[in-house]
Amino acid sequence: MKLDPFYLIIDSAAWIERLVPSGVKLVQLRIKDMDEAGLRREIRAAKAVCEGHGCQLIVNDYWRLAIDEGCNFVHLGQEDLAEADVSAIRRAGLKLGLSTHDDAELDTALAATPDYVALGPVYPTILKAMKWTPQGLDRIATWKQRVGTVPLVAIGGLNVERIPGVFAQGADSAAVVTDITLNTDPEGRTRQWLAATARWR
């Protein structure tokens, strides 16, 4: 499987409606603290936009809802993986991406035969408090050696200027959140990311 090199992560269908039409081909919907009815509405709206623009939607955490709503890709953190029914996810035909931060988590992830593995945070990130120190670029190369042909997603503190270093170390895709959502011109910054990742597409 090949991932698009530009992996956008956002927290609402409204963001997807706003940014996907710019040419985004890979987006994760990551929503925290919302009731089930609201989540279903968000997933349905995001799925409709993505289907209309040839964009792959990845649902974060809510694998049961992803199955119910006919989605085909889910991303899980380690805590969610521990509680998820991976067999049910596979039976439903969903692809699976998994977060990793250290060697033990990578072992756990690879045992689940994921469709991609994410490593983070590569750089310091303001998105959320983390117990892990920044991994650094060299860690990407180490992870890529271990995952082999499984696509590797780099995440955490990435911006357009840092993209070349991430791919030079073996990442297959670069995930971004705040560099776009906190930018004064999110659409313009999205276009910059698309242009900057074009050579790896």
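Residues numbered from 1 in each chain as written. Predicted model: local features only at pLDDT ≥ 70, side-chain atom pairs only at ≥ 80, totals over all residues. Heavy atoms only, no water.

Visitor: Go over the pairing of strand S3 (residues 56–60), please, and point to the residues and values.
Guide: For S3, a buried count of four out of five residues is recorded, marking the element as mostly surrounded by other parts of the structure. Bridge count between S3 and strand S4 (residues 73–76): two bridges; the pairing is parallel. The residue of S4 that forms the bridge with Asn 60 is His 75. With helix H3 (residues 63–68) bridging S3 and its parallel neighbour S4, the resulting β-α-β unit is right-handed. (Buried < 20%, exposed > 50% of the residue type's maximum accessible area, 1.4 Å probe, protein only. Helix = DSSP H or I, 4+ residues; strand = E, 2+ residues; numbered from the N terminus. Pairing = 2+ DSSP bridges. Right-handed = clockwise from strand over helix to strand, strands pointing away.)

Visitor: Describe the pairing of strand S7 (residues 152–155), listing the residues and the values that go with them.
Guide: For a regular strand, side chains alternate in direction, first toward one face of the sheet and then toward the other. Across three bridges, strand S6 (residues 116–119) lies against S7 in parallel orientation. By the bridge assignment for S7, Val 117 is matched with Leu 152. Where S7 and strand S8 (residues 173–176) come together, three bridges link them in parallel fashion. Counted as the bridge partner of Ala 154 is Ala 174 from S8.

Visitor: So what about the sheet that holds S4? Which residues, and what values?
Guide: An order of S1-S2-S3-S4-S5-S6-S7-S8 is seen for the eight strands of this closed barrel, with the pairing classed as parallel. Across the sheet, the mean angle separating the axes of adjacent strands is 25 degrees when strand polarity is ignored. As paired elements, strand S2 (residues 26–29) and S3 share four bridges and run parallel to each other. Across the sheet, the residue bridging to Leu 29 is Val 59, located in S3. Along the sheet face, helix H6 (residues 103–111) touches strand S5 (95–100) and S6 and points at about 170 degrees away from the line of S5. (Axes fitted to C-alpha atoms, helices over the stretch in contact; angles between N-to-C directions. Contact = heavy atoms within 4.5 Å.)

Visitor: Lay out the nonpolar core with the relevant residues and their values.
Guide: In terms of nonpolar packing, the biggest core is built from 57 residues, with Leu 8, Ile 16, Val 27, Leu 57, Leu 76 and Trp 193 touching the most fellow members. No other element matches the five residues that helix H2 (residues 36–52) contributes to this core. Ranked by size, the runner-up nonpolar core spans 11 residues in total, among them Tyr 7, Ile 9, Ile 58 and Tyr 116. (Core = buried A, V, L, I, M, F, W, Y, C linked by side-chain atoms within 4.5 Å.)

Visitor: Outline the packing of H6 against helix H7 (residues 137–147), supporting the account with residue identities and numerical values.
Guide: One way to put it is that H6 packs onto H7 with a least axis distance of 12 Å and a crossing angle of 30 degrees. It follows that H6 is roughly parallel to H7 by the angle criterion. H6 and H7 meet at a crossing whose hand is right-handed. Where H6 approaches H7, its residues Asp 103, Leu 106, Asp 107 and Leu 110 are matched on the opposing element by Arg 139, Trp 143, Arg 146 and Val 147. Among the residues making up the contact of H6 with H7, the classes are represented as four nonpolar, no polar and four charged. (Parallel < 35°, antiparallel > 145°, perpendicular 65-115°, else oblique. Left-handed = near helix turned anticlockwise from the far one by under 90°. Nonpolar A, V, L, I, M, F, W, Y, C, P; charged D, E, K, R; others polar.)

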